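# Summary of structural features
Each chain, letter by letter, is given below.
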Amino acid sequence: MAPMKLYGATMSWNVTRCAVALEEAGAEYEIVPINFATAEHKSPEHLARNPFGQVPALQDGDLYVFESRAICKYAARKNKPELLKEGSLAESAMVDVWMEVEANQYTSALTPILFQVLVSPMLGGTTDQKVVEENVEKLKKVLEVYEARLSKYKYLAGDFLSLADLNHVSATLCLFATPHASLLDGYPHVKAWWSSLMERPSVQKIAALMKPSA
(Lines give C-alpha, C1' and ligand atoms only; values in the text may rest on other atoms or scores of the structure.)
Protein backbone atom coordinates (compact mmCIF):
# COMPACT_ATOMS: atom_id res chain seq x y z
CA MET A 1 0.00 0.00 0.00
CA ALA A 2 1.23 3.51 -0.83
CA PRO A 3 2.64 5.60 2.04
CA MET A 4 0.35 8.18 3.60
CA LYS A 5 1.03 11.76 2.53
CA LEU A 6 1.29 14.55 5.10
CA TYR A 7 0.91 17.93 3.42
CA GLY A 8 2.57 20.94 5.01
CA ALA A 9 5.88 22.50 6.03
CA THR A 10 8.14 21.21 8.81
CA MET A 11 8.38 24.75 10.20
CA SER A 12 4.74 24.36 11.30
CA TRP A 13 4.38 22.80 14.74
CA ASN A 14 0.90 21.62 13.71
CA VAL A 15 2.48 19.63 10.87
CA THR A 16 5.30 18.22 12.99
CA ARG A 17 2.81 17.31 15.73
CA CYS A 18 1.40 14.85 13.17
CA ALA A 19 4.84 13.69 12.09
CA VAL A 20 5.73 12.69 15.68
CA ALA A 21 2.56 10.60 15.96
CA LEU A 22 3.15 8.99 12.54
CA GLU A 23 6.75 8.16 13.50
CA GLU A 24 5.85 6.74 16.91
CA ALA A 25 3.03 4.70 15.35
CA GLY A 26 5.45 3.24 12.80
CA ALA A 27 3.35 4.47 9.89
CA GLU A 28 4.66 4.69 6.35
CA TYR A 29 4.35 8.31 5.30
CA GLU A 30 6.00 11.11 3.39
CA ILE A 31 5.88 14.87 3.96
CA VAL A 32 4.72 16.80 0.89
CA PRO A 33 5.73 20.50 1.15
CA ILE A 34 3.10 23.17 0.55
CA ASN A 35 4.38 26.50 -0.78
CA PHE A 36 2.75 29.33 1.14
CA ALA A 37 4.64 31.97 -0.86
CA THR A 38 2.71 30.96 -3.99
CA ALA A 39 -0.55 30.49 -2.01
CA GLU A 40 -0.54 26.79 -2.78
CA HIS A 41 -2.49 26.25 0.45
CA LYS A 42 -5.42 28.12 -1.18
CA SER A 43 -5.26 26.19 -4.47
CA PRO A 44 -8.24 24.03 -5.52
CA GLU A 45 -6.04 20.92 -5.14
CA HIS A 46 -5.22 21.72 -1.52
CA LEU A 47 -8.73 22.92 -0.66
CA ALA A 48 -9.88 19.44 -1.66
CA ARG A 49 -7.59 18.11 1.10
CA ASN A 50 -8.37 20.80 3.69
CA PRO A 51 -11.38 23.03 2.93
CA PHE A 52 -10.02 25.73 5.26
CA GLY A 53 -6.88 26.13 3.13
CA GLN A 54 -4.58 25.32 6.02
CA VAL A 55 -1.98 22.70 6.92
CA PRO A 56 -1.66 19.91 7.80
CA ALA A 57 -3.71 17.54 5.70
CA LEU A 58 -3.22 13.79 5.55
CA GLN A 59 -4.00 11.60 2.55
CA ASP A 60 -4.36 7.86 3.01
CA GLY A 61 -5.53 6.39 -0.26
CA ASP A 62 -8.88 8.05 -1.00
CA LEU A 63 -9.27 9.33 2.55
CA TYR A 64 -8.35 12.89 3.52
CA VAL A 65 -8.03 13.89 7.18
CA PHE A 66 -7.34 17.44 8.35
CA GLU A 67 -6.80 19.10 11.77
CA SER A 68 -3.53 18.03 13.36
CA ARG A 69 -4.88 16.26 16.44
CA ALA A 70 -7.43 14.33 14.37
CA ILE A 71 -4.56 13.22 12.12
CA CYS A 72 -2.59 12.11 15.19
CA LYS A 73 -5.54 10.04 16.41
CA TYR A 74 -5.99 8.49 12.98
CA ALA A 75 -2.31 7.49 12.84
CA ALA A 76 -2.55 5.92 16.29
CA ARG A 77 -5.82 4.08 15.63
CA LYS A 78 -4.51 2.68 12.36
CA ASN A 79 -0.96 1.73 13.36
CA LYS A 80 -0.57 1.76 17.15
CA PRO A 81 -3.90 1.89 19.02
CA GLU A 82 -2.20 1.38 22.39
CA LEU A 83 -1.24 5.09 22.18
CA LEU A 84 -4.93 5.82 22.82
CA LYS A 85 -5.56 3.01 25.35
CA GLU A 86 -9.01 2.46 23.86
CA GLY A 87 -9.18 -1.03 25.37
CA SER A 88 -9.57 0.48 28.84
CA LEU A 89 -12.34 2.94 29.60
CA ALA A 90 -10.47 4.52 32.53
CA GLU A 91 -7.09 4.77 30.79
CA SER A 92 -8.56 6.07 27.52
CA ALA A 93 -10.47 8.70 29.52
CA MET A 94 -7.18 9.94 30.99
CA VAL A 95 -5.60 10.03 27.52
CA ASP A 96 -8.58 12.10 26.32
CA VAL A 97 -8.36 14.45 29.32
CA TRP A 98 -4.68 15.21 28.83
CA MET A 99 -5.04 15.57 25.06
CA GLU A 100 -7.66 18.25 25.80
CA VAL A 101 -5.33 19.86 28.35
CA GLU A 102 -2.53 19.94 25.78
CA ALA A 103 -4.74 21.71 23.24
CA ASN A 104 -6.69 24.05 25.50
CA GLN A 105 -4.26 24.85 28.33
CA TYR A 106 -0.63 24.09 27.41
CA THR A 107 -0.45 24.87 23.70
CA SER A 108 -3.01 27.69 23.91
CA ALA A 109 -0.60 29.48 26.29
CA LEU A 110 2.51 28.50 24.35
CA THR A 111 1.32 29.42 20.83
CA PRO A 112 1.17 33.22 21.40
CA ILE A 113 4.74 33.08 22.78
CA LEU A 114 5.97 31.18 19.72
CA PHE A 115 4.11 33.48 17.36
CA GLN A 116 5.48 36.65 18.94
CA VAL A 117 9.07 35.41 19.33
CA LEU A 118 9.53 33.21 16.25
CA VAL A 119 6.85 33.89 13.63
CA SER A 120 6.21 37.64 13.85
CA PRO A 121 9.88 38.66 13.31
CA MET A 122 10.08 36.20 10.39
CA LEU A 123 7.15 38.02 8.78
CA GLY A 124 8.81 41.42 9.31
CA GLY A 125 6.87 42.28 12.46
CA THR A 126 8.04 43.03 15.99
CA THR A 127 7.64 41.04 19.19
CA ASP A 128 4.96 42.26 21.58
CA GLN A 129 6.68 41.63 24.92
CA LYS A 130 3.46 42.24 26.87
CA VAL A 131 1.75 39.35 25.07
CA VAL A 132 4.81 37.18 25.65
CA GLU A 133 4.98 37.97 29.37
CA GLU A 134 1.24 37.41 29.90
CA ASN A 135 1.39 34.01 28.25
CA VAL A 136 4.61 33.00 30.01
CA GLU A 137 2.71 33.54 33.27
CA LYS A 138 -0.22 31.48 31.96
CA LEU A 139 2.15 28.72 30.92
CA LYS A 140 3.82 28.68 34.34
CA LYS A 141 0.44 28.09 35.98
CA VAL A 142 -0.21 25.19 33.58
CA LEU A 143 3.23 23.77 34.33
CA GLU A 144 2.44 23.82 38.05
CA VAL A 145 -0.47 21.45 37.34
CA TYR A 146 1.79 19.28 35.17
CA GLU A 147 4.42 19.18 37.91
CA ALA A 148 1.85 17.89 40.41
CA ARG A 149 0.56 15.29 37.96
CA LEU A 150 4.02 14.09 36.91
CA SER A 151 5.13 13.77 40.53
CA LYS A 152 2.64 10.86 40.72
CA TYR A 153 2.90 9.32 37.24
CA LYS A 154 5.68 8.84 34.70
CA TYR A 155 3.49 10.17 31.88
CA LEU A 156 0.47 12.45 31.76
CA ALA A 157 -2.27 9.84 31.38
CA GLY A 158 -0.60 7.37 33.75
CA ASP A 159 2.49 5.17 33.84
CA PHE A 160 2.31 4.59 30.09
CA LEU A 161 3.26 6.65 27.04
CA SER A 162 0.28 7.94 25.10
CA LEU A 163 -0.68 10.37 22.38
CA ALA A 164 -1.34 12.87 25.18
CA ASP A 165 2.42 13.09 25.74
CA LEU A 166 3.42 13.00 22.09
CA ASN A 167 1.08 15.85 21.13
CA HIS A 168 3.24 18.18 23.25
CA VAL A 169 6.47 17.48 21.38
CA SER A 170 6.45 19.80 18.36
CA ALA A 171 5.41 23.02 20.13
CA THR A 172 7.76 22.32 23.04
CA LEU A 173 10.66 21.81 20.62
CA CYS A 174 9.84 25.29 19.27
CA LEU A 175 9.92 26.68 22.82
CA PHE A 176 13.56 25.63 22.99
CA ALA A 177 14.30 27.89 20.01
CA THR A 178 13.17 30.93 22.07
CA PRO A 179 14.76 32.89 24.94
CA HIS A 180 12.29 31.08 27.23
CA ALA A 181 13.92 27.67 26.81
CA SER A 182 14.74 27.53 30.53
CA LEU A 183 11.05 27.63 31.55
CA LEU A 184 10.94 23.90 32.28
CA ASP A 185 13.93 24.13 34.64
CA GLY A 186 11.68 25.24 37.48
CA TYR A 187 9.62 22.03 37.26
CA PRO A 188 11.84 18.99 37.88
CA HIS A 189 9.18 16.35 37.19
CA VAL A 190 8.14 18.10 33.99
CA LYS A 191 11.77 18.29 32.93
CA ALA A 192 12.28 14.56 33.62
CA TRP A 193 9.15 13.79 31.58
CA TRP A 194 10.43 15.93 28.71
CA SER A 195 13.87 14.27 28.88
CA SER A 196 12.22 10.84 28.61
CA LEU A 197 10.30 11.98 25.52
CA MET A 198 13.49 13.38 23.96
CA GLU A 199 15.11 9.94 24.26
CA ARG A 200 12.56 8.41 21.91
CA PRO A 201 13.78 7.80 18.32
CA SER A 202 10.54 9.25 16.92
CA VAL A 203 11.09 12.52 18.79
CA GLN A 204 14.78 12.68 17.90
CA LYS A 205 13.94 12.25 14.21
CA ILE A 206 11.38 15.06 14.23
CA ALA A 207 13.67 17.32 16.28
CA ALA A 208 16.32 16.88 13.58
CA LEU A 209 13.73 17.54 10.90
CA MET A 210 12.71 20.82 12.54
CA LYS A 211 16.23 22.14 13.14
CA PRO A 212 16.96 23.60 9.68
CA SER A 213 13.95 25.91 9.98
CA ALA A 214 14.29 26.69 13.70
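Presented here is a report on the structure given in the accompanying data block. Every value quoted in this text rests on a predicted model; they were computed, and no experiment measured them. (Residues numbered from 1 in each chain as written. Predicted model: local features only at pLDDT ≥ 70, side-chain atom pairs only at ≥ 80, totals over all residues. Heavy atoms only, no water.)

Attention now goes to the layout of surface pockets. Of the voids in this model, the largest pocket is the one considered here, and its volume is about 970 Å³. Put simply, the parts of the chain that give the lining of the largest pocket at least two residues each are helix H1 (13-25), helix H3 (68-79), helix H4 (89-122), helix H7 (169-175) and helix H9 (201-210). With 5 residues, H4 is the single largest residue contributor to the lining of the largest pocket. Split into classes, the residues belonging to the lining of the largest pocket amount to 19 nonpolar, 10 polar and 3 charged. (1 Å grid on protein atoms, 1.4 Å probe; cavity = no way out; pocket = protein on both sides within 12 Å on 5 of 7 lines; lining within 4 Å. Points joined across faces, edges and corners; volume = space filled by probe spheres on them. Helix = DSSP H or I, 4+ residues; strand = E, 2+ residues; numbered from the N terminus. Nonpolar A, V, L, I, M, F, W, Y, C, P; charged D, E, K, R; others polar.)

Angle between the axes and distance between the axes are the two parameters that describe a pair of packed helices. Close contact between H1 and H3 brings their axes to 9 Å; oriented N to C, the two are set at 5°. The angle between H1 and H3 places the two elements in the roughly parallel class. On the side of H1, the interface is formed by Asn-14, Arg-17, Cys-18, Ala-21, Leu-22 and Ala-25, while H3 contributes Ser-68, Arg-69, Ile-71, Cys-72, Ala-75 and Asn-79. (Axes fitted to C-alpha atoms, helices over the stretch in contact; angles between N-to-C directions. Parallel < 35°, antiparallel > 145°, perpendicular 65-115°, else oblique. Contact = heavy atoms within 4.5 Å.)

Our next topic: the packing of helix H5 (residues 129-150) against helix H8 (residues 188-198). The interhelical angle for the contact between H5 and H8, taken along N-to-C directions, is 75°, at an axis separation of 7 Å. What the angle tells us is that H5 and H8 run roughly perpendicular. In contact with Leu-143, Tyr-146, Glu-147 and Leu-150 of H5, H8 contributes Pro-188, His-189, Val-190 and Trp-193.

Note that strand E3 (residues 57-60) and strand E4 (residues 63-66) share 4 bridges and pair antiparallel. Opposite Leu-58, over in E4, you have Val-65 as the bridge partner. Taking the residues between adjacent antiparallel strands as the criterion, E3 and E4 are bridged by 2 residues, where Gly-61 takes a positive phi near 65°. (Pairing = 2+ DSSP bridges.)

Counted by the stated rule, this structure contains 10 salt bridges. Between Glu-24 and Lys-80 there is a salt bridge, with its nearest N and O atoms 3.3 Å apart. Pair noted here: Glu-24 is in helix H1 and Lys-80 is in the loop between H3 and H4, with a separation of 56 residues, a long-range link. Assessed through its relative accessible area of 10%, Glu-24 is described here as buried. (Salt bridge = Lys/Arg side-chain N within 4 Å of Asp/Glu carboxyl O. Buried < 20%, exposed > 50% of the residue type's maximum accessible area, 1.4 Å probe, protein only.)

Turning our attention to the environment of Tyr-64. Structurally, the position occupied by Tyr-64 is in strand E4. In the structure, Tyr-64 is positioned 59 residues away from Leu-123 in sequence and 30 Å away in space, judged by C-alpha atoms. Contact partners of Tyr-64, with chain neighbours within four places excluded, come to Ala-48, Arg-49, Leu-58 and Gln-59. For Tyr-64, the side chain forms a polar contact with the side chain of Gln-59, separated by 3.3 Å. (Polar contact = N/O pair within 3.5 Å; in protein donor to acceptor, adjacent residues only side chain to side chain.)

Within H4, the axis deviates most sharply at Thr-107, by approximately 50°. Count one or two residues on from H4 and you reach Gly-124, which has phi positive near 90°. (Bend = angle between axes of the 7 residues up to and from the residue.)

The sheet built from 4 strands is open, its strands ordered E2-E1-E3-E4 with mixed pairing. Unpaired on one side and paired on the other, strand E2 (29-32) and E4 mark the two borders of the sheet. In this sheet, adjacent strand axes meet at a mean angle of 20° when their direction is disregarded. On top of the sheet, H1 reaches strand E1 (4-7), E2 and E3; it is set at about 155° to E1, its chief contact.

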